[in-house]
Amino acid sequence: MSTYDATRRELATDAGILVYHEYGEGPPLLLLHGSGPGVAGWRNFHQNLPALGAHFRCLVLELPGFGVSHDIDESPFAAAGPAVVRFLDDMGLGSVPVIGNSMGGVVAAQLAIARADLFSKIVTVGGIGATVFGAGPGEGIVRLTDFVENPTREGLIQWLRSMVFDQAMVTEELIQQRWDLATEPETLASARRMYGREANAARVAMAAASDRPPYWAMLHKITAPVLLTWGRDDRVSPVDMALVPMRTIPNAELHVLPRCGHWAMIEQQAAWEAAVLAFLTREADPRKDMKA
């Protein structure tokens, strides 16, 4: 059954307990959630488990610093990559396909740039790349910063409304679920280390002084096939961000979903699942290895 308790597992690592959810049978498929108030892997992907689990052994990892897996004293983004590698190593998994929502997609991309052996295929849901035409940060990131600086219920509602095209999705149940976890002291402190104004300013200053290229300038190093999925009406990571990864990742394709915000796997669930399963179950094209 794809219920929370039936799928919940724990993995003890040298850094602490990693919680994950396991559902389905077949080859392993790793799922990495995004960031934001009250986020969790289960909340991002639980509705997709029946469809994906019919083909794969789904492993939904709860990244550290979001109130489910172990707490951390650094930015959750900095802790995410090492946590993914620990999880794969300790679970004895080789090269696996991965689905990453927003921050989870960026984490997967950064790992794939550094280590081609980790992922056989990559699916991203918004988030990855760089803004080309629009102003940055997106509205959703601005509202996220406003919330972590001043965590009010109204601020949370405004952030949730920026995440979706269909405003009816922002229900009292969703608001309460997110509020309960987002305002837990350790989780809120962790969110401020990632999205607070001081953290944002430090990140901009560090990038300006760095001699290292940003990760999106290194996307050409990703050798795995990549499916970029995007909501046409995404107000967190506008769809023009897809242009850089679509052009620079050698084996990337882009699927844009209409009437859809940042949570494509939720707001356009059936269409998103169909596109993702077609990509993940597709056999490799033998012609790409043929010499001209």
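Right above here is the structure, for reference.
Residues numbered from 1 in each chain as written. Predicted model: local features only at pLDDT ≥ 70, side-chain atom pairs only at ≥ 80, totals over all residues. Heavy atoms only, no water.

Visitor: Please explain a nonpolar patch on the surface as it appears in this structure.
Guide: Together, Val132, Phe133, Leu243, Met246, Leu254 and Val256 line one region of the surface with nonpolar side chains, adding up to about 500 Å² of accessible area. Elements with a minimum of two residues in the nonpolar patch: helix H11 (243-248) and strand E8 (252-257). Turning to its location among the elements, Leu254 is positioned in strand E8. Classification of Leu254 as partly exposed rests on a relative accessible area of 31%. (Patch = residues over 30% accessible without salt bridge, like charges linked within 9 Å, V, L, I, M, F, W, Y side chains within 5 Å. Areas by Shrake-Rupley, 256 points an atom, 1.4 Å probe, with all protein chains shown as cover. Salt bridge = Lys/Arg side-chain N within 4 Å of Asp/Glu carboxyl O. Helix = DSSP H or I, 4+ residues; strand = E, 2+ residues; numbered from the N terminus. Buried < 20%, exposed > 50% of the residue type's maximum accessible area, 1.4 Å probe, protein only.)

Visitor: Would you mind showing me how to read the packing of aromatic side chains here?
Guide: Geometrically, a pair of aromatic rings is defined through the distance of the ring centres and the angle of the planes. For the structure shown, the criterion picks out 4 aromatic pairs. Plain terms: the ring middles of Tyr4 and Trp42 are 5.6 Å apart, the flat faces sit at 85° to each other, and that makes the pair edge-to-face. Of the two residues, Tyr4 sits in helix H1 (residues 4-7) while Trp42 sits in helix H2 (residues 41-45), which places them 38 residues apart along the sequence. Relative accessible area serves as the criterion here: at 32%, Tyr4 is assigned to the partly exposed category. On the basis of an interplanar angle of 70° and a centroid distance of 6.4 Å, the ring pair of Phe147 and Trp179 is categorised as edge-to-face. With Phe147 in helix H6 (residues 139-149) and Trp179 in helix H8 (residues 172-182), this residue pair connects regions lying 32 residues apart in the sequence. The aromatic ring of Phe279 is capped on one face by Lys121, whose charged end is 5.1 Å from the ring centroid. (Phe/Tyr/Trp six-rings, centres within 6.5 Å; stacked < 30°, edge-to-face > 60°. Lys NZ or Arg CZ within 6 Å of the ring centre and 35° of its normal.)

Visitor: I would appreciate a short explanation of the sheet that holds strand E4 (residues 57-61) in the present structure.
Guide: Within a sheet, each strand pairs with its neighbour through backbone hydrogen bonds, oriented either parallel or antiparallel. Read from one edge of the open sheet, 8 strands run E1-E2-E4-E3-E5-E6-E7-E8, paired in mixed fashion. With partners counted over all chains shown, the strands left at the sheet margins are strand E1 (8-13) and E8, one partner each. Shown here is a sheet whose adjacent strand axes are inclined to one another by a mean of 25°, direction ignored. With 4 bridges joining them, strand E2 (residues 16-23) and E4 adopt antiparallel strand pairing. By the bridge assignment, His21 is partnered in E4 with Val60. Contacts from helix H4 (residues 76-90) reach E1, E2, strand E3 (28-32), E4, strand E5 (96-101) and strand E6 (119-125), with the element oriented near 100° to E1. (Pairing = 2+ DSSP bridges. Axes fitted to C-alpha atoms, helices over the stretch in contact; angles between N-to-C directions. Contact = heavy atoms within 4.5 Å.)

Visitor: Which parts of the structure should I look at to understand the state of the cysteines?
Guide: Cysteine pairs can be covalently joined through their sulfur atoms, and such a bond is termed a disulfide. Scanning the model with the defined rule gives 0 disulfides in all. Cysteine Cys58 shares no disulfide, and the gap to the nearest cysteine sulfur, in Cys260, comes to 20 Å. (Disulfide = S-S within 2.5 Å.)

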